[in-house]
Amino acid sequence: MQPSLDDLKRWDREIVWHAFTQMAEYEPLIIERAEGCTLFDVEGRQYLDAVSSLWCNVHGHRHPVLDQAVRRQLDQVAHVTSLGCSNPATIQLARRLVEVAPQGLTHVFFAGDGASAVEVALKMAFQYWRQCGQPRPEKRRYLAFDNAYHGDTLGSVSVGGVARFHQMFRPLLFDVLRLPAPDTYRLPPGVALEGAGDYYLGLVEQALREHHQELVAVVIEPLIQAAAGMVMHPPGFLRGVRELTRRYDVLLIADEVATGFGRTGTMFACQQEQVTPDFLCLGKGLTGGYLAMSATLTTDRVWEAFLGTFEQTRTFFHGHTYGGNPLAAAAGLATLDVFQQERTLERLPALAGRLAERLAELRKLPAVGDVRQRGLIAAVELVRDRATREPYDWRQRRGYHVCRHALQHGVWMRPLGDVLVIMPPLVITCEQLDRIALAVGEGIQRVTADWPD
Ligand SMILES: *Cc1c(COP(=O)(O)O)cnc(C)c1O
């Protein structure tokens, strides 16, 4: 017997423990199906998917090429382990990733989610220094940035820096050398926007000069710190960090779980500054938003340090049961095929342009302190005082209430505090972007007009 709608809602409230959700206040939103950029709930209501189902959908839901690829793979085999074993779909995806990634990333380790991709990079980098040509066992710390987000396993939480998420777990975490986020909206006193890149790079240089001996790697979200509230780095910062890490012989881990697969306008954010990191972490869009899969790409230099006889125990002793899953790999291959077939990256500038026009209008609203955009990643930040950039009291949840308004008007989004995120699938239309911006604008007016301070 089919459960009734009320059953589903009750079970969803009482049994399912939702991620990053206060279950005492949770109101079920149950999506039954989706098509392109539109979600349909169990009561037949429609919503535009303005945040790509949490930043992972790329070519829209139910894309025929992806649907067919997964079905075909299902007719072959659903799962094959990657522990000493392989599958044609997984092999081909690895090869294709090496082709599209920044030059020099020639090996691929698969896992199941973004946090695991970062864990893999952290552990590989650590082990690398213990068994490379001239071992450096004193290297045991990482350098990471304030407000960084690299996932929710303890290693990735250790390098993460979002106090609201991570503070609780502090006693469980390893020690990390931390620098301020290279934020271009909230600059330190006395630093002008034009000088921000040099200022933040100066801090990196000083930290590397003092600590390079003990540093395994620098961990960075290239160009944009996504979960921090779409914090944009100054142009040239990533390039500068790459040059400094080379000079001081520290590895560079680039976490492109959010920025990868076309979001910022190029396939990967690193490519905008001609950077090849030592590790590239991918997730979210890797399967077009279809299936759980992540990948950590690395170089010949790292790979070779792990080669040897069995007795030399240079093996990377790490793995995830579903790493390299063939169904997910088939979705990943199809995602890359669609980038070519539909010339997705070539279509992005027009969409980004349209979004920029709409953002310029939102910027005029008095409560909007900043709008930020890179490709199809955009953020609208609400502030109490535009001049001082003072935030609203977080307990007022204005960002959340804007999204509640948008939901009632057929647009589904999820904010980062008072930062409203617009990050749609890359197949969004100009008309749909207009509708998203309209809902956001009305929502902002709603939460500022008659609201108490
Ligand atoms: C989402 C995200 C992660 C974590 O990915 P999961 O698949 O949720 O584990 C890691 N890094 C960045 C930059 C992310 O945005």
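Novice: Would you explain the environment of Thr81 in this entry?
Specialist: By secondary structure assignment, the location of Thr81 is in the loop between α3 (64–74) and α4 (88–100). For Thr81, a relative accessible area of 31% gives the class partly exposed. Between the C-alpha atom of Thr81 and that of Phe40, which follows or precedes it by 41 residues, the distance is 35 Å. Side-chain polar atoms of Thr81 contact the backbone nitrogen of Leu83, separated by 3.1 Å.

Novice: Looking at this structure, how should I read the site of the ligand?
Specialist: Around the ligand, the surrounding shell consists of Trp55, Asp113, Gly114, Ala115, Tyr149, His150, Gly151, Glu221, Asp255, Val257, Ala258 and Lys284. The contact in question runs from an oxygen atom of the ligand to an N or O atom on the backbone of Gly114, over 2.7 Å. Separating an oxygen atom of the ligand from a backbone N or O atom of Ala115 is a distance of 2.8 Å. Alone, the ligand offers 390 Å² of accessible surface; in the complex the protein occludes 83% of this. For the shell around the ligand, the residue count by class is five nonpolar, three polar and four charged.

Novice: Sorry, what's going on with helix α8 (residues 196–211) here?
Specialist: Owing to its 3.6 residues per turn, the α-helix aligns residues three or four sequence positions apart on the same side. With 16 residues, α8 should cover 22 Å at 1.5 Å per step; its first-to-last C-alpha distance of 23 Å lies within 8% of that length. All of the buried residues along α8 are Ala196, Gly197, Tyr200, Leu201, Val204, Ala207, Leu208 and His211. Buried residues in α8, looked at end-on, bunch into an arc of 120°, giving them a common side. For α8, the exposed residues lying more than 90 degrees away from the buried face are Asp198 and Glu210.

Novice: I keep staring at the sheet that holds strand β1 (residues 31–35) and nothing clicks. Help me out?
Specialist: In any sheet, the strands associate via hydrogen bonds between backbone groups, in a parallel or an antiparallel arrangement. Strand order in the open sheet formed by four strands is β1-β2-β3-β15, and the pairing between neighbours is mixed. Strands at the two margins of the open sheet, each flanked by one partner only, are β1 and β15 (411–412). With two bridges joining them, strand β3 (residues 46–49) and β15 adopt parallel strand pairing. Note that in β15 the partner of Leu48 across the bridge is Val411.

Novice: What's the story with the pattern of salt bridges in this structure? I'm lost.
Specialist: Once the charged atoms of two side chains with opposite charge are near each other, the side chains can pair. Counted by the stated rule, this structure contains 28 salt bridges. Residue Glu390 is joined to Arg384 by a salt bridge in which the shortest nitrogen-to-oxygen separation is 3.3 Å. For Glu390, a relative accessible area of 34% translates into the label partly exposed. Among the ionic pairs, Arg435 bridges to Glu431, the shortest N-O distance being 3.4 Å. Residue Arg435 and its partner Glu431 are located together in helix α14 (residues 430–449), separated by four residues, close to a single helical turn. Look at Arg435 and you get partly exposed, because its relative accessible area is 39%. Taken together, the shared-partner salt bridges in this structure form one network comprising Lys9, Asp41, Glu43 and Arg45.

Novice: Could you clarify how one ought to interpret the domain arrangement of the chain in this entry?
Specialist: Accessible area lost during the coming together of the parts is what is often quoted as the interface size. Domains assigned within the chain are domain 1 (5–59 + 343–449) and domain 2 (67–341). Of note, the centres of domain 1 and domain 2, computed from C-alpha atoms alone, are 26 Å apart. Contacts between the two partners involve 33 residues from domain 1 and, on the opposite side, 31 residues from domain 2. Across the domain 1 to domain 2 interface the summed buried area is about 2,800 Å²; carbon plus sulfur atoms make up 61%. Seen at the junction of domain 1 and domain 2, the total is one salt bridge. Salt-bridge contacts for Glu381 lead to Arg186; the nearest nitrogen and oxygen are separated by 2.6 Å. Applying the counting criterion to the domain 1 and domain 2 interface returns 18 residue pairs in polar contact (both at pLDDT 80 or more). Elements with a contribution of two residues or more to the side of domain 1 that touches domain 2: α2 (52–55), α12 (344–362), β13 (368–374), β14 (377–382) and β16 (419–422). When the residues that make up the side of domain 1 that touches domain 2 are grouped by side-chain class, the tally is 20 nonpolar, seven polar and six charged.

The rules behind the values
- Residues numbered from 1 in each chain as written.
- Predicted model: local features only at pLDDT ≥ 70, side-chain atom pairs only at ≥ 80, totals over all residues.
- Heavy atoms only, no water.
- Helix = DSSP H or I, 4+ residues; strand = E, 2+ residues; numbered from the N terminus.
- Buried < 20%, exposed > 50% of the residue type's maximum accessible area, 1.4 Å probe, protein only.
- Polar contact = N/O pair within 3.5 Å; in protein donor to acceptor, adjacent residues only side chain to side chain.
- Near = heavy atom within 4 Å.
- Areas by Shrake-Rupley, 256 points an atom, 1.4 Å probe, with all protein chains shown as cover.
- Nonpolar A, V, L, I, M, F, W, Y, C, P; charged D, E, K, R; others polar.
- Expected span 1.5 Å × (residues − 1).
- Arc of directions from axis to C-beta.
- Pairing = 2+ DSSP bridges.
- Salt bridge = Lys/Arg side-chain N within 4 Å of Asp/Glu carboxyl O.
- Domains from an automatic or database assignment.
- Contact = heavy atoms within 4.5 Å.
- Buried area = accessible area lost by both parts, 1.4 Å probe.

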